[in-house]
Amino acid sequence: MPEISVVESLKPGDESKREVGRAIGGAVIFGLPMMMTGEMWWLGFYIDPERLVVLILISIPVFVGISRIIGFRESRNLADNSLDVFVAYAFGFAVSGIVLLSLGVLSLDNSAGANLTSVMLQAVPASLGALLGRSEIGSGEHDRTDERNYFDEIMVMVVGALFLALNVAPTEEVVLISYQMSAWHTLSLLIFTLLVMHIFGIVGSYASGTKYEEAPVPFFSFYAYTCVAYLVALMLSLLVLWVFGRLDHSSPGQMLAVTQVLIFPAGIGAAASRLII
Amino acid sequence: MDESTGKHDSPATPLWEKLTGAIGFIFICFTLGFLIWSASQAEEHPPEIVISVTDIRQINDGFLVVVRVKNSGTKTAADLNLSGTLSEHGSETETVAARIDFLPPNSSKMAGFFFTKDPSQGTLKFRPLGYQEP
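Scoring rules and cut-offs
- Residues numbered from 1 in each chain as written.
- Chains lettered and ligands numbered in written order.
- Predicted model: local features only at pLDDT ≥ 70, side-chain atom pairs only at ≥ 80, totals over all residues.
- Helix = DSSP H or I, 4+ residues; strand = E, 2+ residues; numbered from the N terminus.
- Rg over C-alpha atoms; globule rule 2.2 N^0.38 Å.
- Buried ≥ 20, exposed ≤ 12 C-beta atoms within 10 Å, placed from the backbone.
- Contact = placed C-beta atoms within 7 Å.
- Pairing = 2+ DSSP bridges.
- Axes fitted to C-alpha atoms, helices over the stretch in contact; angles between N-to-C directions.
- Domains from an automatic or database assignment.
- Nonpolar A, V, L, I, M, F, W, Y, C, P; charged D, E, K, R; others polar.
- Parallel < 35°, antiparallel > 145°, perpendicular 65-115°, else oblique.
- Left-handed = near helix turned anticlockwise from the far one by under 90°.
- Expected span 1.5 Å × (residues − 1).
- Core = buried A, V, L, I, M, F, W, Y, C linked by C-beta atoms within 7 Å.

Caption draft 1: Molecular detail of the overall build of chain B. Looking only at helices and strands, chain B has 1 helix and 6 strands in total. Over its C-alpha trace chain B gives a radius of gyration of 26 Å, far above what one expects of a compact globule, namely 14 Å for 134 residues. Dimensions of chain B along its principal axes, counting C-alpha atoms only, are 85 × 40 × 20 Å. Residues counted as buried form 22% of the 134 residues belonging to chain B. Nonlocal contacts in chain B, meaning residues at least 24 apart in sequence, comprise 66% of its contacts between residues at least 6 apart.

Caption draft 2: Representation of the overall build of chain A in the model. Across its full length, chain A carries 11 helices and 0 strands. Taking all 277 residues of chain A together, the buried fraction comes to 46%. Intrachain contacts of chain A at a sequence separation of at least 6 include 84% that bridge at least 24 residues.

Caption draft 3: Broad picture of the interface of chain B and chain A. At the junction of the two partners, chain B supplies 34 residues and chain A supplies 28 residues. Of all the elements in the fold, those that place two or more residues in the side of chain B that touches chain A are α1 (15–40) and β5 (107–115) of chain B. Counting residues per element, the side of chain B that touches chain A draws most heavily on α1(B), at 16 residues.

Caption draft 4: Unusual backbone geometry, seen in detail. If you check the backbone angles, A:His249 has positive phi at about 55° while not being a glycine. Position of A:His249 among the secondary structure elements: in the loop between α10 (220–243) and α11 (252–276). For A:His249, a count of 7 C-beta atoms within 10 Å gives the class exposed. Located in the positive-phi region is B:Asn106, a residue other than glycine, with phi close to 50°. Structurally, the position occupied by B:Asn106 is in the loop between β4 (91–103) and β5.

Caption draft 5: Main features of the sheet that holds β4(B). All names here are of chain B. Reading across from one edge, β4-β3-β6 is the order of the 3 strands in this open sheet, with antiparallel pairing throughout. A single partner strand is all that each edge strand has here, and the edge strands are β4 and β6 (123–132). Ignoring which end each strand starts from, the neighbouring axes of this sheet average 20° apart. Across 11 bridges, strand β3 (residues 77–88) lies against β4 in antiparallel orientation. Opposite Ala 78, over in β4, you have Phe 102 as the bridge partner.

Caption draft 6: Structural detail: the sheet that holds β5(B). Residue and element names in this part refer to chain B. Taken in spatial order, the 3 strands line up as β1-β2-β5 in an open sheet, and their pairing is antiparallel. Only two strands of the sheet have a single neighbouring strand rather than two, namely β1 (49–59) and β5. Sheet twist, expressed as the average angle between the axes of neighbouring strands with direction ignored, equals 20°. Alignment of strand β2 (residues 62–71) against β5, held across 9 bridges, turns out to be antiparallel. Paired with Val 69 across the bridge in β5 is Lys 109.

Caption draft 7: Main features of the domain arrangement of chain A. All names here are of chain A. The domain boundaries assigned to chain A delineate domain 1 (1–143) and domain 2 (144–277). Between domain 1 and domain 2, the residue contacts involve 23 residues of the former and 20 residues of the latter. Mapped onto the side of domain 1 that touches domain 2, the elements with two or more residues apiece are α2 (12–35), α3 (38–46), α4 (49–69) and α6 (112–134). The element contributing the most residues to the side of domain 1 that touches domain 2 is α4, with 8 residues. Here the side of domain 1 that touches domain 2 is built from residues that sort into 15 nonpolar, 4 polar and 4 charged.

Caption draft 8: Summary view of the packing of helix α7 (residues 150–168) of chain A against α10(A). Residue and element names in this part refer to chain A. Two numbers describe how α7 lies on α10: the axes approach to 9 Å, and their chain directions differ by 45°. Of the possible angle classes, the one that applies to α7 and α10 is oblique. Both α7 and α10 take part in a crossing whose hand is right-handed. Contacts between α7 and α10 involve Ile 154, Met 157, Val 158, Ala 161, Leu 162, Ala 165 and Leu 166 from the first element and Val 228, Ala 229, Val 232, Ala 233, Leu 236, Ser 237 and Val 240 from the second. Counted by class, the contact of α7 with α10 contains 13 nonpolar, 1 polar and no charged residues.

Caption draft 9: Representation of α10(A) within the structure. Here α10(A) is 24 residues long and its end C-alpha atoms lie 34 Å apart, about the 34 Å a rise of 1.5 Å per residue gives. Backbone geometry just downstream of α10(A) places A:Gly245 in the positive-phi region, at approximately 70°.

Caption draft 10: Spotlight on the environment of B:Gly90. On the secondary structure map, B:Gly90 appears in the loop between β3 and β4. Each C-alpha atom, one on B:Gly90 and one on B:Gly122, is 8.9 Å from the other, the two residues being 32 residues apart in sequence.

Caption draft 11: Summary view of the nonpolar core. Ranked by size, the top nonpolar core spans 84 residues in total, and within it A:Phe91, A:Ala161, A:Ala165 and A:Leu262 carry the most contacts. The greatest single-element share of this core, amounting to 13 residues, is contributed by helix α5 (residues 78–102) of chain A. The contact partners of A:Phe91, leaving out residues within four places of it in the chain, are A:Ala23, A:Ile24, A:Ala27, A:Ser127 and A:Ala130. Ranked by size, the runner-up nonpolar core spans 17 residues in total, among them B:Val65, B:Val69, B:Ala77 and B:Ile100.

Caption draft 12: A look at the environment of A:Val243. Residues and elements named next belong to chain A. Inspection of the secondary structure puts Val 243 in helix α10. A count of 25 C-beta atoms within 10 Å places Val 243 in the buried class. Spatially, the C-alpha atoms of Val 243 and Leu 43 are 9.7 Å apart, while their sequence positions differ by 200 residues. Beyond its immediate sequence surroundings of up to four residues, Val 243 is in contact with Arg 51, Val 54 and Leu 55.

Shown next, in the form of structure tokens:
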């Protein structure tokens, strides 16, 4: 039977090929929306080098933490997880370099530094995609939810929040929306964000087997999950907005409004990611 | 060391993974080095715009003058407005404008100016009008 022999002839090298394919696929899927956003190209030209350094330096330990939970390996030691992150970065660099070159973003007319910075900026989300792509997510074999501790739950939130925050933050619309919102709009957006996050929290708690029915205090899941996810979204939103220079020269009220606008997607991403990862 | 029992765990990390990881590590170190170096370049020069004509050609209703616009400062110029003036015998005969959305430091972009009169019959002058910080 030819179809059976195909399945049985999987050699150890095929596993590696499959992984390379998954890493590239993950980097493309995760990174493409940002690679096709004009603001991200221009950010590559004018971003403060210090801020990009901070983004990279924060991304490495966060990615190691994510690598720990996504179940690519059984062994969870630091060296293996760090290696995974650097492998993911290599794919992230390659994919963003090839895509930006194909899209005509990279050019000989730009200084080498501007080209390198553009690739690096896009490599951050693309690497996260490569890291997630290599994991068992979506392959049907991924079932580690029962082993997760609280730290792992937070890392899952980070993935979801980063995914949506990085997609939305570079756009002009974040600042534009904040201009057209009054304080009442901001307040109602905050409440609506928390409500949607809480709904995802409840749905997710059934999906992941975590039950808060024996809650020690009323609304325990709200404090234990929704508020933590909100905090994760808040911190990542502030980081991403600062890196992209969206908080510069703004009044405190304006910063609050811009941050709340970004927390809307980031918070929902944080709360909903448990359903996917 | 973790005791490995799982189905995805191989006793040894494949070589390609180690090599790719090393490449990723080197890229990150190189980029960090470059970024820290460029951040440490203390002196910041505002955009310095140099405009040079690369091509003049006749088109349907007039003439196209293509210029290379170079930024030799250390800061990016956004919304860079340019003007091109054609003068004959000391008096301006035509003034046209062009705009460049982003011009990073040490980078150049091409821009085109459309004139109705023949630029070879007079003196062409190009200058940057203004920009905004991105």
